[in-house]
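Each chain is listed here by its residues.
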Amino acid sequence: QVQLVESGGGLVQAGGSLRLSCAASGRTFISYAMGWFRQAPGKEREFVAAIRWSGSDTYYIDSVKGRFTISGDNAKNTVYLQMNSLKPEDTAVYYCAAIRSSGGTLRYRLDLYTYDYWGQGTQVTVSS
């Protein structure tokens, strides 16, 4: 089975930084892109950022632009999220996700894809 495992979450004061990591375990697979989502209590899961391995193009939601940076290694199915200048509204469980490679050539904005594999999440809490 394909599994994604997140790490690096924790408690940090507003203005601080955290670096999240995600690595695949279990059955090997080829990913087309990987990204991060987050979900706060009582709210729906929302897209945060993603990276498409081909061309290393990235996409971020407006609220994290300039503060978060996504990077990774497609050969290892590993992705990172460097989070700087954290705000209380960033508090959520952060989930890693991946799109499996299908061999297709169509390219869409990275928040419009259906993600195939998910991690179980890591808690990020930002105090004011």
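Note that the structure is a prediction, hence the values are computed from the model and not measured. (Residues numbered from 1 in each chain as written. Predicted model: local features only at pLDDT ≥ 70, side-chain atom pairs only at ≥ 80, totals over all residues. Heavy atoms only, no water.)

Q: What's the story with the overall build of the protein chain in this structure? I'm lost.
A: Each helix and strand counted, the protein chain has 0 helices and 11 strands in total. When the helices and strands of the protein chain are placed in sequence order, the string is β-β-β-β-β-β-β-β-β-β-β. In summary, the protein chain has a C-alpha radius of gyration of 14 Å against a globular reference of 14 Å for 128 residues, a match within 12%. Projected onto the principal axes, the alpha-carbon positions of the protein chain cover approximately 45 × 30 × 25 Å. Out of the 128 residues belonging to the protein chain, those deemed buried represent 41%. With the model as given, the accessible surface of the protein chain reaches about 6,900 Å², and the carbon-plus-sulfur share is 47%. For the protein chain, the distance from the average site of its 13 positive side-chain charges to the average site of its 10 negative ones is 3 Å. (Helix = DSSP H or I, 4+ residues; strand = E, 2+ residues; numbered from the N terminus. Rg over C-alpha atoms; globule rule 2.2 N^0.38 Å. Buried < 20%, exposed > 50% of the residue type's maximum accessible area, 1.4 Å probe, protein only. Areas by Shrake-Rupley, 256 points an atom, 1.4 Å probe, with all protein chains shown as cover. Lys, Arg positive; Asp, Glu negative; His and termini not counted. Charge placed at Lys NZ, Arg CZ, Asp CG, Glu CD.)

Q: Can you walk me through the pattern of salt bridges in this structure?
A: When their charged atoms lie close together, side chains carrying opposite charge are able to pair. With the rule as written, the count across this model stands at 8 salt bridges. A salt bridge links Arg52 to Asp57; the nearest nitrogen and oxygen atoms lie 2.9 Å apart. For Arg52, a relative accessible area of 5% puts it in the buried group. A relative accessible area of 26% means that Asp57 is categorised as partly exposed. Asp57 is the partner of Arg107 in a salt bridge, and the nearest nitrogen-oxygen pair spans 3.4 Å. Of the two residues, Arg107 sits in the loop between β9 (92–100) and β10 (117–118) while Asp57 sits in strand β6 (residues 57–60), which places them 50 residues apart along the sequence. (Salt bridge = Lys/Arg side-chain N within 4 Å of Asp/Glu carboxyl O.)

Q: Is there a simple way to think about the state of the cysteines in this case?
A: Here, disulfide denotes a covalent bond that connects the sulfur atoms of two cysteines. Taken as a whole, this structure holds 1 disulfide when the rule is applied. Between Cys22 and Cys96 runs a disulfide, and the two sulfur atoms are separated by 2.0 Å. Here the disulfide of Cys22 and Cys96 is left-handed, its torsion about the S-S bond being about -80°. Within this pair, whereas Cys22 is found in strand β3 (residues 18–26), its partner Cys96 is found in strand β9, the two being separated by 74 residues in sequence. Cys96 gets classed as buried once you look at its relative accessible area, which sits at 0%. (Disulfide = S-S within 2.5 Å.)

Q: Quick question: what am I supposed to make of the environment of Leu18 here?
A: With respect to the element layout, Leu18 can be found in strand β3. Accessibility expressed as a relative area gives 15% for Leu18, which makes it buried. The sequence separation of Leu18 and Tyr108 amounts to 90 residues, and the corresponding C-alpha distance is 29 Å. In contact with Leu18, other than residues within four places in its own chain, are Gly8, Gly10, Val12, Leu81, Gln82, Met83, Leu86 and Val124. (Contact = heavy atoms within 4.5 Å.)

Q: Sorry if this is basic, but what is going on with the nonpolar core here?
A: Soluble globular proteins tend to bury their nonpolar side chains together. Trp36, Phe68, Leu81, Met83, Tyr94 and Tyr115 are the most contacted members of the largest nonpolar core, which totals 39 residues. Of all elements in the fold, only β1 (2–7), β3, β4 (31–39), β5 (46–52), β7 (68–73), β8 (78–83), β9 and β11 (122–127) reach the threshold of two or more residues within this core. With 6 residues, β9 is the largest single contributor of residues to this core. Setting aside chain neighbours within four positions, we find Tyr94 in contact with Glu6, Leu20, Trp36, Phe37, Arg38, Val48, Phe68, Leu81, Met83, Gly121, Thr122 and Val124. (Core = buried A, V, L, I, M, F, W, Y, C linked by side-chain atoms within 4.5 Å.)

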